Amino acid sequence: MTKVTMTVNGKSVSGAVEGRTLLSDFIREGLRLTGTHVGCDTSQCGACVVHVDGKAVKSCTMLAAEAEGAEIKTIEGMANPDGSLSVIQQAFQDHHGLQCGFCTPGMVMSAAALLAENPSPTESEIRKYLEGNICRCTGYHNIIKAIMAASGQSVADVAAE
Amino acid sequence: MPKDHGIGASTKRREDVRFLTGTGNYTDDINLAGQAYVHFLRSDVAHGRIKRLDTSVAADMPGVVQIFNGADFEGVGGIPCGWQVTDRHGNPMQEPAHPVLAQGKVRHVGDAIAAVVAESAAQARNAAEAIELEIEDLPAVVDMAAALADDAPKVHDDLDSNLCYDWTFGSDDDAIKAAFDAADHVTTLDLVNQRLVANPMEPRVAVGDFNRASGESTLYTTSQNPHVIRLLMGAFVLGIPEHKLRVIAPDVGGGFGSKIFHYAEEAFCTFAAKALKRPVKWTASRSEAFVTDAHGRDHVTTIELALDADNNFTGLRTRTMANMGAYLSTFAPSVPTYLHGTLMAGNYKTPAIQVNVKAVFTTTVPVDAYRGAGRPEATYQLERVIDKAARERGLDPVALRRQNFISEFPYETPVAVAYDTGDYTATMDKLLEMVDRDGFEARAAESAKAGKLRGFGVNCYIEACGIAPSALVGQLGARAGLYESATVRVNATGGLVVMTGSHSHGQGHETAFPQVIAEMIGIDADMVEIVHGDTANTPMGMGTYGSRSLAVGGSAMVRATEKIIAKAKKIAAHLLEASEGDIDLKDGQFSVAGTDKSVAWGDVTLAAYVPHNYPIEEIEPGLEETAFYDPSNFTYPAGAYACEVEVDPETGRVEICSFAAADDFGNVVNPMIVDGQVHGGLAQGIGQALLEGAVYDADGQLLSASYMDYAMPRADDLPNFQVDHSCQTPCTHNPLGVKGCGEAGAIGSPPSVVNAVVDALQRGGHDVTHIDMPLSPGRVWQAING
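Reading guide: rules and limits
Residues numbered from 1 in each chain as written. Chains lettered and ligands numbered in written order. Predicted model: local features only at pLDDT ≥ 70, side-chain atom pairs only at ≥ 80, totals over all residues. Heavy atoms only, no water. Helix = DSSP H or I, 4+ residues; strand = E, 2+ residues; numbered from the N terminus. Rg over C-alpha atoms; globule rule 2.2 N^0.38 Å. Buried < 20%, exposed > 50% of the residue type's maximum accessible area, 1.4 Å probe, protein only. Contact = heavy atoms within 4.5 Å. Areas by Shrake-Rupley, 256 points an atom, 1.4 Å probe, with all protein chains shown as cover. Lys, Arg positive; Asp, Glu negative; His and termini not counted. Charge placed at Lys NZ, Arg CZ, Asp CG, Glu CD. Buried area = accessible area lost by both parts, 1.4 Å probe. Salt bridge = Lys/Arg side-chain N within 4 Å of Asp/Glu carboxyl O. Polar contact = N/O pair within 3.5 Å; in protein donor to acceptor, adjacent residues only side chain to side chain. Nonpolar A, V, L, I, M, F, W, Y, C, P; charged D, E, K, R; others polar. Patch = residues over 30% accessible without salt bridge, like charges linked within 9 Å, V, L, I, M, F, W, Y side chains within 5 Å. Pairing = 2+ DSSP bridges. Domains from an automatic or database assignment. Core = buried A, V, L, I, M, F, W, Y, C linked by side-chain atoms within 4.5 Å.

### Regarding the overall build of chain B
Reasoning step 1: Counting secondary structure elements, chain B contains 19 helices and 28 strands.
Reasoning step 2: Against the 2.2 N^0.38 benchmark of 28 Å for 786 residues, chain B shows a C-alpha radius of gyration of 27 Å, consistent with a compact globule.
Reasoning step 3: Along the first, second and third principal axes, the C-alpha atoms of chain B reach 85 × 75 × 55 Å.
Reasoning step 4: Split into buried and exposed, the 786 residues of chain B put 64% on the buried side.
Reasoning step 5: Put simply, 80% of the contacts in chain B that link residues at least 6 apart link residues at least 24 apart.
Reasoning step 6: Accessible surface, chain B: about 25700 Å² in total, of which carbon and sulfur atoms supply 48%.
Reasoning step 7: In chain B, 61 side chains carry a positive charge and 102 a negative one; their mean positions are 1 Å apart.

### A look at the overall build of chain A
Reasoning step 1: If you tally the helices and strands in chain A, you get five helices and five strands.
Reasoning step 2: Sequence-ordered secondary structure for chain A, helices as α and strands as β, is β-β-α-β-β-β-α-α-α-α.
Reasoning step 3: Against the 2.2 N^0.38 benchmark of 15 Å for 161 residues, chain A shows a C-alpha radius of gyration of 16 Å, consistent with a compact globule.
Reasoning step 4: Considering only C-alpha atoms, chain A reaches an extent of 55 × 35 × 25 Å along its principal axes.
Reasoning step 5: Across the 161 residues of chain A, 58% fall into the buried class.
Reasoning step 6: When contacts within chain A are restricted to residue pairs at least 6 apart in sequence, long-range pairs at least 24 apart make up 54% of them.
Reasoning step 7: Within the structure as shown, chain A displays about 6100 Å² of accessible surface, and the carbon and sulfur contribution to it stands at 50%.
Reasoning step 8: In chain A, the 12 positive side-chain charges and the 17 negative ones have mean positions that sit 4 Å from each other.

### Examining the interface of chain A and chain B
Reasoning step 1: Contact residues are listed per partner, giving 51 residues for chain A and 55 residues for chain B.
Reasoning step 2: Summed over both sides, the interface between chain A and chain B buries roughly 4400 Å², with carbon and sulfur atoms accounting for 54% of that surface.
Reasoning step 3: The largest contributions to the chain A side of the interface with chain B come from Q93(A), H96(A) and R136(A), which together make up 18% of the buried area.
Reasoning step 4: Seen at the junction of chain A and chain B, the total is four salt bridges.
Reasoning step 5: Between D94(A) and K12(B) there is a salt bridge whose closest N-O contact spans 2.8 Å.
Reasoning step 6: At the boundary of chain A with chain B, the tally comes to 29 residue pairs in polar contact (both at pLDDT 80 or more).
Reasoning step 7: Elements that contribute at least two residues to the side of chain A that touches chain B include exactly helix 1 (23-30), helix 2 (87-94), helix 3 (104-117), helix 4 (123-129) and helix 5 (141-150) of chain A.
Reasoning step 8: Of all the elements, helix 2 of chain A adds the most residues to the side of chain A that touches chain B, at five residues.
Reasoning step 9: In the side of chain A that touches chain B, the residues fall into 19 nonpolar, 18 polar and 14 charged.

### Topic: a nonpolar patch on the surface
Reasoning step 1: Taken together, L606(B), Y609(B) and V610(B) make up a surface patch of nonpolar side chains, about 240 Å² in accessible area.
Reasoning step 2: Looking at the secondary structure, you find L606(B) in helix 16 (residues 601-609).

### What to know about the pairing of strand 1 (residues 36-42) of chain B
Residues and elements named next belong to chain B.
Reasoning step 1: Within strand 1, five of the seven residues are buried, which leaves it mostly tucked inside the rest of the structure.
Reasoning step 2: Bridging between strand 1 and strand 5 (residues 112-118) involves six bridges; their strand directions are antiparallel. Among the inter-strand pairings, H39 is bridged to a residue of strand 5, identified as V116.

### Focus on the domain arrangement of chain B
All names here are of chain B.
Reasoning step 1: The assigned domain composition of chain B is domain 1 (16-22 + 483-629), domain 2 (31-138 + 201-254 + 259-292) and domain 3 (295-468 + 633-784).
Reasoning step 2: Taken residue by residue, the interface counts 16 residues in domain 1 and 18 residues in domain 2.
Reasoning step 3: Across the interface of domain 1 and domain 2, roughly 1400 Å² is buried in total on both sides, 55% from carbon and sulfur atoms.
Reasoning step 4: Area buried by domain 1 at its contact with domain 2 is led by H503, H505 and T535, which between them contribute 40% of it.

### Focus: the nonpolar core
Reasoning step 1: Formed by 183 residues in total, the largest nonpolar core has its most connected members in F92(A) and V647(B).
Reasoning step 2: It is helix 18 (residues 744-763) of chain B that contributes the most residues to this core, nine residues altogether.
Reasoning step 3: What F92(A) contacts, discounting residues up to four positions off in sequence, is G97(A), L98(A), M107(A), V108(A), A111(A), I143(A), A146(A), I147(A) and L20(B).
Reasoning step 4: Membership of the second largest hydrophobic core comes to 46 residues, among which are V498(B), A512(B), V599(B) and Y629(B).

### So, the sheet that holds strand 4 (residues 105-106) of chain B
Residue and element names in this part refer to chain B.
Reasoning step 1: On the basis of which strands lie adjacent, the open sheet formed by three strands has the order 4-2-6 and antiparallel pairing. With one partner strand each, in any of the chains shown, strand 4 and strand 6 (132-137) form the two edges of the open sheet.
Reasoning step 2: Judged from the six bridges that link them, strand 2 (residues 48-54) and strand 6 form a sheet pairing that is antiparallel. Paired with G48 across the two strands is D137, which belongs to strand 6.

### Structural notes on the environment of R437(B)
Residue and element names in this part refer to chain B.
Reasoning step 1: With respect to the element layout, R437 can be found in the loop between helix 11 (424-435) and helix 12 (440-449).
Reasoning step 2: Using a relative accessible area of 29% as the deciding quantity, one classes R437 as partly exposed.
Reasoning step 3: Separated by 366 residues in the primary sequence, R437 and A71 place their C-alpha atoms 64 Å from one another.
Reasoning step 4: Excluding anything up to four places from it in sequence, R437 contacts D396, P397, V398, L432 and F456.
Reasoning step 5: A distance of 2.6 Å separates the side chain of R437 from the side chain of D396, its partner in a polar contact.

### Quick word on the environment of A332(B)
All names here are of chain B.
Reasoning step 1: Checked against the element boundaries, A332 lands in the loop between strand 14 (313-325) and strand 15 (353-361).
Reasoning step 2: Between the C-alpha atom of A332 and that of H295, which follows or precedes it by 37 residues, the distance is 10.0 Å.
Reasoning step 3: Ignoring any residue separated from it by four or fewer positions in sequence, one finds A332 in contact with M324, V367 and D368.

### Focus on the pairing of strand 2 (residues 11-17) of chain A
The side chains of a regular strand alternate between both faces of the sheet.
All names here are of chain A.
Reasoning step 1: Here strand 1 (residues 2-8) pairs with strand 2 via seven bridges, running antiparallel. The residue bridging K3 from the neighbouring strand is A16, located in strand 2.
Reasoning step 2: Hairpin connection between strand 1 and strand 2: a loop of two residues separates the two successive antiparallel strands, and N9 in this loop has a positive phi of roughly 50°.

### Observations concerning the pattern of salt bridges
Reasoning step 1: Summed over all chains, the structure comprises 55 salt bridges over all chains.
Reasoning step 2: Between R28(A) and D28(B) there is a salt bridge; the shortest N-O distance is 3.0 Å. On the criterion of chain membership, the pair formed by R28(A) in helix 1 and D28(B) in the loop between helix 1 (16-20) and strand 1 is interchain, its members lying in two chains.
Reasoning step 3: Since its relative accessible area comes to 4%, R28(A) is described here as buried.
Reasoning step 4: The exposure class assigned to D28(B) is buried, which follows from its relative accessible area of 17%.
Reasoning step 5: If you follow the salt bridges from partner to partner, you end up with R42(B), R204(B), E265(B), E288(B) and D293(B) in one network.

### Considerations on the domain arrangement of chain A
Residue and element names in this part refer to chain A.
Reasoning step 1: Taken as a whole, chain A is organised into domain 1 (2-76) and domain 2 (87-150).
Reasoning step 2: Here the C-alpha centroids of domain 1 and domain 2 sit 21 Å apart.
Reasoning step 3: Facing 16 residues of domain 1, the contacting portion of domain 2 comprises 15 residues.
Reasoning step 4: Carbon and sulfur atoms make up 65% of the surface buried where domain 1 meets domain 2, a total of about 1100 Å² over both sides.
Reasoning step 5: Ranking the residues of domain 1 by area buried against domain 2 places H37, H51 and I75 at the top, with a combined share of 41%.

As structure tokens, then:
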């Protein structure tokens with residue numbers, strides 16, 4: 001067992017992990033931050049996306065030991081300081097960008113990373129960026145709408161109904 | 001009452017806040033003190049006899065608590081099947097045993113052989129790898145036609161053959177022969193409705209617990225219907241009476257049918273927790289989900305459509321082989337029969353229809369209901385053969401459909417169901433408004449300039465939702481009732497709790513159900529809380545599938561609320577010193593007709609629990625009512641869908657340019673949620689048409705057993721959808737007039753995609769009349785290039 005220390009959602013945490021412990025397992029089992037979900041075992045679904053030093057990372061592809069000293073942000077750290085939903089979270093609710101909620105944490109974390117690097121993405125850019133996040137409920141339509149809205153763009157073109 | 005949260009309002013979902021902040025409570029988020037973890041040793045061959053199973057080395061591995069195998073379950077029941085199909089001679093289907101852990105033989109890759117319980121998941125996995133196992137390979141049985149050959153190896157040695165049942169339904173032989181003998185034209189189509197995997201994003205999880213003080217077992221599980229699991233597992237597998245068994249399905253991350261069924265892992269965890277006197281947890285990996293979650297579809301069909309000289313449909317005959325897989329999953333036998341054969345009339349007044357289905361055992365994962373369940377298979381073959389007929393007769397596919405629409409209701413089909421209401425012309429008109437068909441040629445010319453072939457496809461669909469009534473489904477072989485339940489508890493200060501037997505795993509019950517109550521009483525929807533998913537605090541209900549929650553569960557809630565209002569009016573009449581018949585309830589106020597006397601909802605509810613001034617001799621205190629609602633018929637949502645595609649003839653790649661859906665769901669409670677349900681259904685239907693397929697090789701290995709190999713639709717595979725549900729013919733037999741919307745998109749979309757691709761290829765001069773799904777670039781390219 002190795003001791004790891006990292007900052008998670010602004011708080012310094014540490015724990016003992018095996019060499020093979022995945023970051024996703026450390027977050028879920030070690031820190032009991034169960035908002036980060038695991039939906040596959042081949043790093044395809046993206047339900048486990050968190051931010052590591054500001055970058056979107058599938059936490060099932062990274063060992064906990066590799067995150068030593070890193071700054072981690074999970075879905076639990078995404079709301080505003082007063083507990084209200086952040087702009088992206090609120091847009092997902094406003095535009096019905098989630099149904100069962102299982103892929104949602106990864107979607108929100110990916111969307112936040114996208115908007116950090118591209119504040120005004122086109123619909124096509126959003127669809128391409130989300131290639132690594134699978135949603136089985138929404139058909140993506142309303143997720144695209146939510147991300148467009150969160151970036152301050154009109155959703156009229158997406159609102160095809 | 002504010003109109004932003006009653007019936008018809010797109011109220012934002014209250015459940016979203018917990019899902020968006022990581023505070024949902026999914027089954028894998030549940031960890032009980034002292035829990036152990038189970039890892040299943042699963043068969044890596046499709047068919048074989050267990051010759052040796054030695055767990056002695058594994059048992060000494062670090063952390064191992066106990067290792068179980070088939071012998072430990074010899075006195076225990078097998079996993080039961082919930083529907084018995086009988087053939088037309090009255091013979092019941094062949095029903096094999098389905099042990100919790102394999103006994104003697106393994107019958108599909110993924111069949112569980114042994115279960116290692118250990119202190120950690122990693123230790124359980126390590127020990128499972130140390131189990132010494134010898135399996136004598138037996139020939140795999142994968143192809144259905146081969147499985148039915150006289151000399152085929154048998155999946156179940158004690159059955160006569162691999163035939164589960166041979167079921168014929170609808171018009172009699174003479175009527176169908178007469179229709180085809182008299183036909184001016186017969187269109188025939190052979191097609192495959194390929195095997196799919198439901199793939200909810202949350203893999204299945206089970207946590208068993210046992211309370212030594214009370215002797216009560218508790219199972220936390222990823223289920224769409226906790227009461228059904230309690231009954232099946234308690235009564236048929238483990239012999240635990242309901243009052244000693246609690247099943248909890250907390251937040252569930254999608255189901256799409258695959259979480260209806262009772263699975264062996266649920267029984268194992270409950271059994272092992274009791275045996276070991278400590279909680280036992282199992283979490284499926286995605287790879288495990290692919291080989292253990294029941295699959296969907298997998299039909300091979302020949303369909304024939306007879307037309308007269310005026311192009312009226314005069315006869316329809318369809319023969320299907322339906323794959324059951326290795327064992328009968330909970331509702332598997334009903335899917336190719338009563339959820340498929342009964343829908344073969346579609347939206348058309350074909351007078352003679354006969355359906356034959358042979359259900360077949362193979363050494364593959366069991367197949368059961370997946371979003372739509374039988375209805376997509378019916379819709380696909382019907383709407384494909386109509387399109388082929390239109391092409392053969394040189395007719396406009398829209399006109400041919402319109403000409404044959406059922407236009408008078410109620411309508412009794414030749415396949416046993418009676419449509420209560422509908423307007424298929426209206427949804428087709430609406431669809432054509434949405435798609436700009438007139439502009440197609442110009443768009444096709446643009447595509448041609450870029451070297452692409454553009455095509456337009458259309459189809460209609462009808463589905464039967466809210467499966468019911470119980471007495472009828474009982475006659476058809478269901479071993480369950482199909483009512484739904486609700487208890488409405490009004491608290492002293494006026495807030496309500498609705499305990500529903502249905503279950504929400506993405507459908508938004510927690511938001512939509514209160515909208516109905518808010519409308520009925522005239523109070524704020526925030527005063528209503530929905531409780532679901534726990535057998536300890538909800539009345540016996542059948543759960544959520546078949547687009548039944550609002551149509552059946554919502555109706556139960558309405559009935560219970562009507563009882564509440566009737567009693568509250570009695571109390572109000574007493575308080576207002578008026579006659580009960582003169583009391584009106586509006587906007588949360590009880591008033592006496594023709595006077596200015598009124599009393600508020602909260603005053604009446606308080607009186608019910610503080611009955612100082614109360615008609616105690618006439619009615620009891622308290623305000624809590626339960627209703628069980630058993631519908632008198634199915635509901636019949638219907639619609640018309642259109643798809644426009646561009647095919648790249650160089651690569652065979654299909655791009656969906658637009659997709660439009662015009663649905664008739666009857667009345668709609670929350671349009672935003674309904675739109676979302678349709679979007680999701682369309683994605684799964686388009687996924688089936690273009691991308692998805694579970695592929696077995698001849699040895700029974702599932703080649704598509706991960707997201708690296710099974711093509712889940714991703715954001716850049718799909719278009720934006722145009723959806724409309726403004727055509728509304730309310731259901732005539734439930735109190736809300738609702739029909740259900742959860743499956744429509746998945747049922748209605750595959751045929752128009754395929755119709756559009758065939759149209760594109762034909763316009764490009766390629767003599768292609770059919771391509772089996774998924775229309776992957778390789779298949780389309782091969783079709784183009786012969």
